[in-house]
Amino acid sequence: MFLANKKTKLSVAALSTLLLLPATYASAMHIMEGYLPLPHCVAWGAVCIPFLIFGGIGMQKQMRGEGKVKILLALSGAFVFILSSLKIPSVTGSCSHPTGTGLGAILFGPSVMSILGIIVLLFQALLLAHGGLTTLGANTFSMAIAGPFVSFGIFKLMKKLKAPSGLAVFLAATIGDLFTYCVTSAQLALAFPDQGFFASLIKFMGIFAPTQLPIAMAEGLLSVIIFNILEKNCRTELTALGVIKKEA
Amino acid sequence: MIIDSLAYASRLRTIAAVQKLIFSAAAMIICIAANSFAISALTAAVMLFMIIRVGGTRAKNVFKLMCIPVIFIAASAAAIVVSIGSDSSAMICAVKIGGAYLGVSASGIAAAARTSAKALGAVSCMYFLSLTTPMTDLFSLLRKSPLPDFIAEIAELIYRYIFVLFDAAERIRIAQETRLGYATLKTSYRSTAQLASNLFMRAFRQADRTYTALASRGYEGEINVISERQKISARFCVFSAAYILTVTAAALFAGKAGI
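Definitions and limits used
- Residues numbered from 1 in each chain as written.
- Chains lettered and ligands numbered in written order.
- Predicted model: local features only at pLDDT ≥ 70, side-chain atom pairs only at ≥ 80, totals over all residues.
- Heavy atoms only, no water.
- Helix = DSSP H or I, 4+ residues; strand = E, 2+ residues; numbered from the N terminus.
- Buried < 20%, exposed > 50% of the residue type's maximum accessible area, 1.4 Å probe, protein only.
- Contact = heavy atoms within 4.5 Å.
- Areas by Shrake-Rupley, 256 points an atom, 1.4 Å probe, with all protein chains shown as cover.
- Patch = residues over 30% accessible without salt bridge, like charges linked within 9 Å, V, L, I, M, F, W, Y side chains within 5 Å.
- Salt bridge = Lys/Arg side-chain N within 4 Å of Asp/Glu carboxyl O.
- Lys, Arg positive; Asp, Glu negative; His and termini not counted.
- Charge placed at Lys NZ, Arg CZ, Asp CG, Glu CD.
- Buried area = accessible area lost by both parts, 1.4 Å probe.
- Polar contact = N/O pair within 3.5 Å; in protein donor to acceptor, adjacent residues only side chain to side chain.
- Pairing = 2+ DSSP bridges.
- Core = buried A, V, L, I, M, F, W, Y, C linked by side-chain atoms within 4.5 Å.
- Phe/Tyr/Trp six-rings, centres within 6.5 Å; stacked < 30°, edge-to-face > 60°.
- Disulfide = S-S within 2.5 Å.
- Axes fitted to C-alpha atoms, helices over the stretch in contact; angles between N-to-C directions.
- Parallel < 35°, antiparallel > 145°, perpendicular 65-115°, else oblique.
- Left-handed = near helix turned anticlockwise from the far one by under 90°.
- Nonpolar A, V, L, I, M, F, W, Y, C, P; charged D, E, K, R; others polar.
- Arc of directions from axis to C-beta.

Bringing the overall build of chain A into the picture now. Assigned secondary structure in chain A consists of nine helices and zero strands. When the helices and strands of chain A are listed from N to C terminus, the series reads α-α-α-α-α-α-α-α-α. Here chain A, with 248 residues, has 58% of them falling under the buried criterion. For chain A, contacts bridging at least 24 residues in sequence account for 69% of all contacts bridging at least 6. As presented, chain A carries roughly 10100 Å² of accessible surface, and 72% of it is formed by carbon and sulfur atoms.

To continue, consider a positive patch on the surface. Residues K156, K159, K160, K162 and K245 of chain A make up a contiguous surface patch of positive charge. Within the fold, K245 of chain A resides in the segment after α9 (235-241).

A few words now on the interface of chain B and chain A. The extent of an interface is frequently quoted as the accessible surface area lost upon association of the parts. With 84 residues of chain B at the contact, the number on the chain A side is 80 residues. Both sides together, the interface formed by chain B and chain A hides about 7200 Å², and carbon and sulfur atoms give 82% of it. It is F72, Y189 and F200 of chain B in chain B that bury the most area against chain A; as a group they hold 11% of the surface buried on that side. Counting every contact that joins chain B to chain A gives two salt bridges. Notably, a salt bridge pairs E153 of chain B with K70 of chain A, separated by 2.4 Å at the nearest N-O pair.

This part covers the side chain of R13 of chain B. On the secondary structure map, R13 of chain B appears in the loop between α1 (2-9) and α2 (17-34). Among the polar contacts made by the side chain of R13 of chain B, one reaches the side chain of D137 of chain B at a distance of 3.3 Å.

Moving on: the pairing of strand β1 (residues 82-85) of chain B. All names here are of chain B. Here β1 shows no split at all, with V82 and I84 on one side and S83 and G85 on the other all buried. Examined bridge by bridge, β1 and strand β3 (residues 100-105) share four bridges and lie antiparallel to one another. Bridging across to β3, S83 finds its partner in G103.

The subject of this paragraph is the nonpolar core. With 149 residues, the main nonpolar core has Y35, L107 and F123 of chain A together with Y127, I154, I158 and F200 of chain B as its most contacted residues. Here the element with the most residues in this core is helix α8 (residues 197-233) of chain A; it accounts for 14 residues. Other than its neighbours up to four places away in sequence, F123 of chain A contacts F81 and L128 of chain A together with M135, F139, A155, I158, Y159 and I162 of chain B.

Position of S142 of chain A among the secondary structure elements: in helix α6 (residues 136-160). Residues within four places of S142 of chain A in sequence aside, it is in contact with G147, T180, V183, T184 and Q187 of chain A.

Here the focus is the packing of aromatic side chains. Residues and elements named next belong to chain B. With the rule as written, the count across this model stands at 21 aromatic pairs over all chains. Consider the rings of F23 and F239, whose centres lie 5.4 Å apart with planes at 55°: the pair is tilted. On the criterion of sequence distance, the pair formed by F23 in helix α2 and F239 in helix α9 (residues 234-257) is long-range, its members being 216 residues apart. The class of F239 is partly exposed, set by a relative accessible area of 29%. Between F239 and Y243 the ring centres are 6.4 Å apart and the planes differ by 35°, which places this aromatic pair in the tilted class. Here F239 pairs with Y243, and both are found in helix α9, just four residues apart, close to one helical turn.

Residue and element names in this part refer to chain A. Tallied over the entire structure, the rule returns zero disulfides over all chains. Between C182, a cysteine without a disulfide, and C48, which holds the nearest cysteine sulfur, the sulfur-to-sulfur distance is 17 Å. A relative accessible area of 27% places C182 in the partly exposed class.

Turning our eyes to something else, we now look at the packing of helix α3 (residues 68-85) of chain A against helix α4 (residues 101-108) of chain A. Residue and element names in this part refer to chain A. Their axes nearest at 10 Å, the elements α3 and α4 cross at an angle of 160°. Classed by the angle they form, the pair α3 and α4 counts as roughly antiparallel. Where α3 crosses over α4, the two elements pack in a sense that is right-handed. Contacts between α3 and α4 involve S76, F79, V80 and L83 on the former and, on the latter, L103, L107 and F108. When grouped by side-chain class, the residues that make up the contact of α3 with α4 number six nonpolar, one polar and no charged.

A few words now on the pattern of salt bridges. Counted according to the given criterion, the structure contains six salt bridges over all chains. Among the ionic pairs, D208 of chain B bridges to K68 of chain A, the shortest N-O distance being 2.5 Å. A residue pair is termed interchain when its members come from two chains, as with D208 of chain B in helix α8 (residues 185-215) and K68 of chain A in helix α3. According to the relative accessible area criterion, D208 of chain B is partly exposed, its value standing at 37%. For R143 of chain B, the salt bridge goes to E156 of chain B, with nearest N and O atoms at 2.7 Å. You can see R143 of chain B sitting in helix α6 (residues 135-144) and its partner E156 of chain B sitting in helix α7 (residues 149-178), a full 13 residues away along the chain.

Among all positions in α1 of chain B, only I3, D4, L6 and A7 of chain B are buried. Viewed along the axis of α1 of chain B, the buried residues span an arc of 165°, placing them on a single side of the element.

Summarising the element assignment, A218 of chain A is placed in helix α8. With 94 residues separating them along the chain, A218 of chain A and Q124 of chain A place their C-alpha atoms 22 Å apart. In contact with A218 of chain A, not counting residues within four places along its chain, are I88 of chain A together with Y189 of chain B.

This brings us to unusual backbone geometry. The backbone of A129 of chain A sits at a positive phi, close to 60°, despite the residue not being glycine. For A129 of chain A, the location among the structural elements is in the loop between α5 (110-128) and α6. Within the chain, N35 of chain B stands out as a residue other than glycine whose phi angle is a positive 50°. Inspection of the secondary structure assignment puts N35 of chain B in the loop between α2 and α3 (37-54). Of the residues examined, N35 of chain B reaches a relative accessible area of 30% and is grouped as partly exposed.

As structure tokens, this is what we get:
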């Protein structure tokens, strides 16, 4: 790229400032309240409904057997909320949070995560002003449905391939996170197509990539360390959840 | 969770939650559907007036809270301003990268400004609800809704245990910090992971204890609570109806005038 004339230099300077600004948007990929047009809000909400019904039926079945399951599920939801409010340690000192959904999906299963996820997202909107009420559908789809299902699928696949659990957890959490970020970019590109959906998609993905790629890796790493500690100290709990098999 | 404690102190707390929910939802929908500067500004102004003057929440606290979404909105607006495409004729300044142009167009700036204003209006509607209505009031609405009861029960339990686990997390973090647990990047990762896994264990033990406590009090799988009866306020009813009618009319006018 040649910086031939003054105008180009100025453009480059202006554009790089604009591209750096979203780097402060380092928190998990919530779409802000009011950002999506109403038809999009309704459509994303509608997309979530089958998953939520499926998750709800699954949850109800689990709860029928024993009264304790309900309380355990509630504590799991609270755990996911706190997990998503922890800070990811980083060199730059920027304040970023994990989505927590990858680890949640591995521990509690993706269909349970969809219900716990929507409740947690609702609390994040009302108690922390992260995300929003009209964008709840879109955020639920990207963070509580798409991400967890991909994480869970990758975790199961890696287990089947007999990969070490560290690698399985890392890939599940990282790719789940990246998938969430791709879905959010697609949602924004659909809402603001500008010069066509694909150009816009590339733009949003490109802008959020510098923050989201390291965050995804960091969350993957953090999930592995957490999982290792859990595997060492909480075997009974993990066996009860069906994450690891009983030792023969 | 400063929002929740402010909600308990608000003078608008006593108004029935269902009224406030309908009011803020309607205002939010009008604001987003109108997609106009004037309506967004009007919505934000009315909501802030209601929260601060009528509700009695201190302005300092409200503006501090408004900073959270403003940062988000500014960052996302920057993402909308930048556009990529093969056509650079509409762009004010552009840089050619490969076969495409990366630049800023007037329509992009307009879209970003409009969306930011709209988001600010919608956020103030959300704040109106969350700063005047404690979560417990919303739960009783959730119980009355056609959704299965277990969702409301789980939501209530999650809400309760967020505070319990949050306290535990805070204490662990302070203990770790005093022992230089966050001194370097490597120890930070270790400490954060230990904190998270410790919380996981605590969550399980807490579930055990809560279950035992409930079971010894006759718990059979359902948690029933008595919710406070809230009177429907006629004044607020009239106010919200007037607001919705006026702003809808204004929105139609603003749509025609294009502001």
